[in-house]
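Chains, contacts and geometry: an overview
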Amino acid sequence: MTGNNVVGIIFSNMHDDKLRELTDIRTMGSVPFGGRYRTIDFALSNLVNSGITKVGVITKSNFQSLMDHLGSGKAWDLSRKHEGLFILPPFGFNNSVYQGRVEALDGIRNFLSQCKEDYVVMGDCHVVHTMDLRPVIADHIAKNADITMVYKNSEMPEALPEKITIEMGRNRRVTDILLQGASEGKVNWGMGVYVITKEFLLKVVAEAMARNRLDFVRDVLQRSCGECRVFGYKYEGFAAVLGSMKSYFEYSMELLKGDVRSDLFPMSRPVYTKVRDEMPTRFGLGSKVVNSIIADGCLIEGEVENCILFRGVKIGKGAKLKNCIIMQDSEVGNNVNLNYVVADKDVVFKDGRSMMGFESYPVYISKGVEV
Amino acid sequence: MLPKKECIAMLLAGGQGSRLYTLTKNVAKPAVPFGGKYRIIDFPLSNCINSGIDTVGVLTQYIPLVLNDYIGTGGPWDLDTMYGGVHVLPPYQRQKGGDWYKGTANAIYQNIPFIERYDPEYVVILSGDHIYKMDYSEMLAAHKKAKAACTIAVYEVPYEEASRFGILNCNEDGSIYEFDEKPKVPKSNKASMGIYIFSWDKLRKYLEMDEQNEKSENDFGKNILPTMLEAGETMVAWQFEGYWKDVGTIDSLWEANMDLLDPRVPLDLSDPAWRIYTRDPVMPPHYVGKNAVVQNSLVAEGCVIEGSLEFAILFAGVTVEKGARVTDSIIMPGAKIKAGATVQYAIVAEDAVIGPGAIVGQRPENVENKDEWGIAVVGNNVNVGAGSVIPAKAMVEEDVPAAN
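Residues numbered from 1 in each chain as written. Chains lettered and ligands numbered in written order. Predicted model: local features only at pLDDT ≥ 70, side-chain atom pairs only at ≥ 80, totals over all residues. Heavy atoms only, no water.

What follows covers the overall build of chain B. When you go through chain B residue by residue, the secondary structure sums to eight helices and 31 strands. For 404 residues, the compact-globule estimate of 2.2 N^0.38 gives 22 Å, and chain B sits close to it at 22 Å. In terms of its C-alpha atoms, chain B occupies a principal-axis envelope of roughly 65 × 50 × 45 Å. Looking at chain B as a whole, 57% of its 404 residues qualify as buried. In chain B, once contacts between residues fewer than 6 apart in sequence are set aside, the share between residues at least 24 apart is 58%. Accessible surface computed for chain B: about 17,100 Å², of which carbon and sulfur atoms make up 49%. Taken as two groups, the 37 positive and 53 negative side-chain charges of chain B have centres that lie 2 Å from each other. (Helix = DSSP H or I, 4+ residues; strand = E, 2+ residues; numbered from the N terminus. Rg over C-alpha atoms; globule rule 2.2 N^0.38 Å. Buried < 20%, exposed > 50% of the residue type's maximum accessible area, 1.4 Å probe, protein only. Contact = heavy atoms within 4.5 Å. Areas by Shrake-Rupley, 256 points an atom, 1.4 Å probe, with all protein chains shown as cover. Lys, Arg positive; Asp, Glu negative; His and termini not counted. Charge placed at Lys NZ, Arg CZ, Asp CG, Glu CD.)

Listed below in structure tokens is the structure:
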């Protein structure tokens, strides 16, 4: 067998509704994040950098931009003869698409049964992190576990859509899984990353479907945690939880901190993304850039402070941007004044326009709008 | 029998580039970094694919490791096709022994079997030391229209500089009547760009003839072209309009980089219709810090800038620490400029480290004897110690200890 006996499964649409503005035209997996990435880049790179060379991406709706981004999977070294990238579009459920995780997994039953791999790593796109999965998998195998849940010990992120906390006994064996449990102080919250033994997964999904118990947390995780071998694995690094526009903005701004960047972008674990062949960014005479993250292909002639500029953004002369996120190929005209603005792709701000949001409520401008 | 290719390209990438000194100590000239994210060879390779030429032979000879690794299977340039694509062609052994490439013409001669596999009508000969964007298909159209045996791309240089170039003297219809190598009194200002299109049957004939001539240096400019002209073949000049620069020297390499910061220079690398492709460094966006000052500069991915930049070109993964100043300089991938260091009128090569408070290079106005001024170069992986001073025009190949 090639690879390391693990197949990766990424849910690209999970919790799209939590970030409605940004997912109106795309999946959660193709939400732009961090200046040059889509959220799925982190999930895919984590798998690839952990030696997993077979990855299925479960889609549901609006996945055109995701398909365009992923292509053949070449940018992640997943365009291969053996294994590689598999896009798994929705499978019919009584003439409608799947509702939750259980139905989605049932929809890829054929794919999973045909995989020779013994273990499955599942992850979502709305929790962005850089994680080495090899020790998690090794721990799962060493403990002969059925399910290993990756958790983080910190305050419960307000924006987390599935607020799962876990309680553990000896050897990190999970004794209880609570939904909307204690939210005071530090808790062990589930990041939505699971290592599951494949045979076990197929069995519990079949049982859940047969009894019409379609809630993954309640009907699979909680039911398993007593009689089956469910373990926890602690993740120590940075995790961005993109569960609301507010949290999207806050976690994006966290990237301006050096320690957060070195955690999300360690030299030894590159984050891969689709290559655009843009030239390096040009800073014009009279430009002023402070505390900002800038992708390639930008042309900056104005003032930029505490901002994140994606690839190919143009900032005109005399423009003043503070606390903004400007996505790819958007153009900010001369003397434009922006504060707390999140502009999607291809937005045009005509000369002299002014726009102010607030820290807790940044103004969002949708794709292609001319202001 | 595979289908025929109308036109293929052969890229001469075997030269040492000795006038780039330490920059080509470990890499061939075409692999020298350029323009914040490119290597020189990206330009001819991208021109090929953008001109519809999908079969390119790259002739290598001098320390090809980095270059071979860089080209790989040609994916970044879309040259990883099933039939054709990019091929690295080093010299090789045969039953009756083998030879290094003795000259540019001999390099092509030795690869006649490669060219014949594609049965081309035309062959484009390119070199790996020029920065330019050219549509070879336009040149090919002119070649066909003139029914020429050979078409040579020419570039109009100022008359006062013409004596540094190989000059072509032409009739009104563009046909060449004389080659004038570095003429003292130039009759024309049309300089050869070292870019040729040949009709393959003609070129093969002259390559074979040239190989028989023991006195020949087996060079295109010195042997093949004059012989063809003498024999009365139709040879025409094709005038190129646009930016073109030979980056074979430290000064010209530095100038061509600085040209990218000048909006008046007609070399637009952001044109989506004529992308210059390159192997992506896979790094996060760059970060400009709280005390940084960045003016008129080009910055690639993965850089962290806490100091100040003016007229600077930063390649991927460069660090400029607090209080460091980089002006009129090129900083190649992975180099580190430590706190308080000054880099001016300099090229700092890959992974070099400029220690805290060190000063590299000098501004021309601060040098009394102008002959002593020039671009300072710090070689690959060289460590310049804290507080040390590197004068103008220096070529640093060994670590420099810290000043006391």
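Read on for the rest.
Turning our attention to the overall build of chain A. Along the backbone of chain A there are 10 helices and 28 strands. Computed over its C-alpha atoms, the radius of gyration of chain A comes to 21 Å, within 12% of the 21 Å expected for a compact globule of 371 residues. Within chain A, buried positions represent 59% of all 371 residues. Contacts spanning at least 24 positions in sequence make up 59% of the contacts within chain A whose residues lie at least 6 apart. When the accessible area of chain A is evaluated, it comes to approximately 14,900 Å², of which 46% is carbon and sulfur surface. Charged side chains in chain A number 46 positive and 45 negative. The centres of these two groups are separated by 2 Å.

Glancing now at the pairing of strand β4 (residues 55–59) of chain B. All names here are of chain B. Most of β4 is tucked away: five of the five residues are buried. What you see with β4 is no split at all: Thr 55, Gly 57 and Leu 59 on one side and Val 56 and Val 58 on the other are buried throughout. Relative to β4, strand β1 (residues 7–12) runs parallel, the two sharing four bridges. Pairing of Met 10 across the sheet is with Gly 57, part of β4. (Pairing = 2+ DSSP bridges.)

Before going further, it helps to examine the pattern of salt bridges. Summed over the entire model, instances satisfying the criterion amount to 44 salt bridges over all chains. Here Arg 36 of chain A ties to Glu 301 of chain B by a salt bridge, and the two come within 3.4 Å at their closest N and O atoms. Here Arg 36 of chain A, found in the loop between β2 (32–33) and β3 (37–38), pairs with Glu 301 of chain B, found in the loop between β18 (297–299) and β19 (304–305), and the two come from separate chains. Judged by its relative accessible area of 4%, Arg 36 of chain A falls in the buried class. The class for Glu 301 of chain B is buried, based on a relative accessible area of 1%. Several salt bridges share partner residues, and in doing so they unite Arg 36 and Asp 296 of chain A together with Lys 37, Asp 280 and Glu 301 of chain B into one network. (Salt bridge = Lys/Arg side-chain N within 4 Å of Asp/Glu carboxyl O.)

Further remarks concern the nonpolar core. One finds Met 134 and Ile 347 of chain B to be the most contacted residues of the largest nonpolar core, which totals 74 residues. Counting residues per element, this core draws most heavily on helix α8 (residues 250–259) of chain B, which supplies five residues. Listed in part, the 67 residues of the second largest apolar core include Trp 76, Met 245, Leu 255 and Ile 325 of chain A. (Core = buried A, V, L, I, M, F, W, Y, C linked by side-chain atoms within 4.5 Å.)

Before going further, it helps to examine the interface of chain A and chain B. Contacts between the two partners involve 32 residues from chain A and, on the opposite side, 31 residues from chain B. Both sides together, the interface formed by chain A and chain B hides about 2,700 Å², and carbon and sulfur atoms give 55% of it. The interface formed by chain A and chain B holds four salt bridges in total. For Lys 74 of chain A, the salt bridge is made with Asp 80 of chain B, and the minimal N-O distance between the two is 2.6 Å. If you list the elements that add at least two residues to the side of chain A that touches chain B, you get β14 (281–283), β15 (288–290) and β16 (292–294) of chain A. (Buried area = accessible area lost by both parts, 1.4 Å probe.)

This paragraph deals with the sheet that holds strand β19 (residues 308–309) of chain A. What the 11 strands build is an open sheet, ordered β28(A)-β25(A)-β22(A)-β19(A)-β16(A)-β16(B)-β19(B)-β21(B)-β23(B)-β26(B)-β29(B); its pairing is mixed. Where the open sheet ends on each side, the last strands, each with one partner, are β28 (363–365) of chain A together with β29 (383–384) of chain B. The pairing of β19 of chain A with strand β22 (residues 325–326) of chain A spans two bridges and is parallel. In the sheet register, Ile 308 of chain A faces β22 of chain A, and the bridge partner there is Ile 325 of chain A.

Residues and elements named next belong to chain B. Taken residue by residue, helix α5 (residues 136–145) has Tyr 136, Met 139, Leu 140 and His 143 as its buried positions. The buried residues of α5 all sit within an arc of 100° when viewed along its axis, so they share a single face. Immediately beyond the C-terminal end of α5, within one or two residues, lies Lys 147, with a positive phi of roughly 50°. (Arc of directions from axis to C-beta.)

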